[in-house]
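# Commentary on secondary and tertiary structure
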Amino acid sequence: MRIYDETFTSRLMLGTARYPSPQILKDAIVASGAEIVTVSLRREAAGERAGQRFWDLIRDTGVKVLPNTAGCHSVREAVTTAEMAREVFGTRWIKLEVIGDADTLQPDLFGLVEATRILSNDGFQVLAYTTEDLVAADRLVEAGCRVLMPWGSPIGSARGLNNVYGLRAMRARFPELTLIVDAGMGVPSHASTAMELGYDGVLLSSAVALAGDPVRMARAFRLSVEAGRLGFTADPLQPRDFAEPSTPVLGQALLGDTVFA
Amino acid sequence: MQITVIGAGVAGLVTAVTLAERGAAVTLHECSESLGANAASWLAGGMLAPFCEAESADPAIVAPGLAAIDWWAERVPGVTRQGTLVVAPPRDAGEVQRFGRRTRQGLPLDADGIAALEPDLAARFAGGLHFAAEAHLDPRRALLALSERLQALGGCLRLSSPLEPETAAGDVVVDCRGIAGAADDLRSVRGEMLILRTPDVRLSRPVRLLHPRIPVYVVPRADKLFMVGATMIESEAEGPVRLRSAVELMNAAYALHPAFAEAEVVEMRAGRRPAFPDNLPRVTRKGRIVSVNGLYRHGFLLSPDCAARAADLAFGPAQTREIAA
């Protein structure tokens, strides 16, 4: 999986919030095989690096940190948070979220495009949390974004892929771009489905963090992402309307008195 | 045996009392000028809710947590055994089932069942859970009562008395300084809380309001006071409550009962919980220094068990041992 100029073996990215404990978070990261985790930067934790202890715990696992702007509702807030994140984590990556609606937490696409332009011009490598809207996707690419992260369904909803058609269209429209389904995963088959659509990766958080056994669920998602990717690259069959026997019917010995009726 | 305990938060007070009850001559040193001024436990909810806490914590906390209810009831006034009520707003009703699956002993309630327990919440929630074996107390009254008990047992409490364990006097020194103890992998989890006062809402037990993003609780106290808590932020930051947190806590109180809209905001404060990576406490001994730390959000729930272990180490052979509660 390619994220700007780096390549990764694992196609699963994990969030780091709301685990029962940092120890369980670390165990889940290991079980998931993830090489990238996303960390939300609350500004109160950024001041004087008050969240450093927690970030160190995550860094100790050896994974790459993708800071995000979760919870930002305006362009300015998101840009400020991204700038702090660059300083705190020493990375040009930013998973850009500009939330437009408090109930669905769906992205404000207008603000997202604007923030993407500002940050790209400032040297950031933006991974944009967006919807499956193709026009917005075009604008994001024009603004400098090279990794699009369309939602599966609203953050934390565990509904899986709400719009398979839209996600398929997006994949077809941007065959060269890195596309990662972000948000809304509930069970491993959701992630498999995203990978079978040809997505480059899946990012999820609460599906693992809030599971009864997060470490077990992390492993389940690791396997499901691998299974979905293998299935996609193995050139799967297309659905058809009628049965296609796996052995020829013509010339087969007919037993008993069954004849063509 | 002469024992010096450093830090008069819940861990230090419970440990000092436990040691004094076992016959040690205990001096408890606290760096701040008044009891609780610098203690995370002064801002605690005071819920003795092992079953509810085990929803997100290690199930190992349940047994010592249940024993803690009796420990407190035998020593301080105001331990109320009315259980815990768990409810969810209508749009998050699924959270109640999930909470029930993740916990033990929760009795499912319908709207009538909730009304029977808490008449003021009648017709507000379609379903909930009652954890009847749980209890709650007022942390400040409890800590003050323990300090009196310590002195009645012949122990001594010295305020405005900062000490370092290495240079403290005594056959054994018990370090209960929490965040100030600064063990290598200890971190702080910031928590913010409010205290509201209203005569318009009456509750008999702590109520937890489940919400997928911000679960909060409201704990009734004497004098028409209600404690609303608490945020959980991975941060070492001290300093005042942030508006975002205040809004979340206030919204939750309002969602529980609209009459909270007229409540006085008596107090709004932030504190730091000491926690190890597994969020479980540690009781260790190295030389003559015993450490009790990492009680996280379970100070009142787990300090009696930690104190008993600390006392075993204090009276036992001087070797390094580690006990996770």
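Residues numbered from 1 in each chain as written. Chains lettered and ligands numbered in written order. Predicted model: local features only at pLDDT ≥ 70, side-chain atom pairs only at ≥ 80, totals over all residues. Heavy atoms only, no water.

## Description of the UniProt feature "binding site: 1-deoxy-D-xylulose 5-phosphate" (unreviewed entry) in chain A
Residue and element names in this part refer to chain A. Mapped onto this structure's residue numbering, the UniProt feature "binding site: 1-deoxy-D-xylulose 5-phosphate" (unreviewed entry) falls at Gly-156, Ala-183, Gly-184, Ser-205 and Ser-206. In terms of the greatest pairwise C-alpha distance, the residues named above, spread along 51 residues, form a tight cluster of at most 8.9 Å across. Here Gly-184 lies in the loop between β9 (178-182) and α8 (188-196). Residue classification places Gly-184 among the buried positions, given a relative accessible area of 5%. (UniProt positions renumbered as here; feature names shortened; annotations may be inferred. Helix = DSSP H or I, 4+ residues; strand = E, 2+ residues; numbered from the N terminus. Buried < 20%, exposed > 50% of the residue type's maximum accessible area, 1.4 Å probe, protein only.)

## Details of the interface of chain A and chain B
Contact with chain A, which involves 22 residues of that partner, is made by 24 residues of chain B. For the pair chain A and chain B, the summed buried surface comes to about 1,800 Å²; carbon and sulfur atoms form 46% of the total. The tally of links between chain A and chain B comes to one salt bridge. Where Arg91(B) meets Asp103(A), a salt bridge forms, and the shortest distance between an N and an O atom there is 3.0 Å. For the interface between chain A and chain B, the tally reads eight residue pairs in polar contact (both at pLDDT 80 or more). If you list the elements that add at least two residues to the side of chain A that touches chain B, you get α1 (22-32), α2 (43-46) and α3 (52-59) of chain A. The residue makeup of the side of chain A that touches chain B, split by class, is ten nonpolar, five polar and seven charged. (Contact = heavy atoms within 4.5 Å. Buried area = accessible area lost by both parts, 1.4 Å probe. Salt bridge = Lys/Arg side-chain N within 4 Å of Asp/Glu carboxyl O. Polar contact = N/O pair within 3.5 Å; in protein donor to acceptor, adjacent residues only side chain to side chain. Nonpolar A, V, L, I, M, F, W, Y, C, P; charged D, E, K, R; others polar.)

## Some remarks on the pairing of strand β4 (residues 36-40) of chain A
Residues and elements named next belong to chain A. Counting buried positions along β4 gives four out of five residues, so the element sits mostly inside the fold. Two elements, strand β3 (residues 12-15) and β4, share three bridges in a ladder whose sense is parallel. Looking at the pairing, Gly-15 lines up with Thr-38 of β4. For the handedness criterion, the β-α-β arrangement of β3, α1 and β4 is classed as right-handed. Looking at chain direction, β4 and strand β5 (residues 64-68) are connected through five bridges and run parallel. Paired with Val-39 across the two strands is Pro-67, which belongs to β5. (Pairing = 2+ DSSP bridges. Right-handed = clockwise from strand over helix to strand, strands pointing away.)

## Looking at the confidence of the model for chain B
As a general rule, the predicted coordinates of low-pLDDT regions are not to be interpreted in detail. Confidence in the prediction for chain B averages 93 pLDDT; 97% of positions are at 70 or higher. Predicted as a complex, the structure gets a pTM of 0.85 and an ipTM equal to 0.79. (pLDDT = per-residue confidence, 0-100.)

## Side note on unusual backbone geometry
All names here are of chain B. Ala-230 follows Gly-229 through a cis peptide bond whose omega is -15°. With respect to the helices and strands, Ala-230 occurs in the loop between β13 (225-229) and β14 (233-234). Of note in the backbone geometry, Ser-160 takes a positive phi value of approximately 50° without being a glycine. Position of Ser-160 among the secondary structure elements: in the loop between β8 (156-158) and β9 (172-175). Take Ser-160: its relative accessible area is 43%, and that puts it in the partly exposed class. Even without a glycine there, the phi angle at Asn-279 is positive, about 60°. Locating Asn-279 in the fold gives a position in the loop between β15 (264-275) and β16 (282-286).

## Focus on the packing of aromatic side chains
In this structure the tally under the stated criterion is six aromatic pairs over all chains. Taking 5.1 Å as the distance between ring centres and 80° as the angle between the ring planes, the aromatic pair formed by Trp71(B) and Trp72(B) counts as edge-to-face. Aromatic pair Phe99(B) and Phe131(B): ring centres 5.9 Å apart, planes at 80°, arrangement edge-to-face. Here Phe99(B) is found in helix α4 (residues 94-102), whereas its partner Phe131(B) is found in strand β6 (residues 127-131), with 32 residues between them in sequence. Take Phe99(B) and Phe131(B): they sit in the same class, and that class is buried. The rings of Trp71(B), Trp72(B) and Phe300(B) are connected pair by pair, giving a single aromatic cluster. One residue, Lys64(A), lies across the ring of Trp93(A), its end atom 4.4 Å from the ring centre. The ring centre of Phe276(B) lies 3.9 Å from the NZ or CZ of Arg282(B), which sits over that ring. (Phe/Tyr/Trp six-rings, centres within 6.5 Å; stacked < 30°, edge-to-face > 60°. Lys NZ or Arg CZ within 6 Å of the ring centre and 35° of its normal.)

## Brief notes about helix α8 (residues 299-315) of chain B
For α8(B), spanning 17 residues, the distance from its first C-alpha to its last is 23 Å, which sits close to the expected 24 Å at 1.5 Å a residue. Burial within α8(B) is extensive, with 13 of its 17 residues counted as buried. (Expected span 1.5 Å × (residues − 1).)

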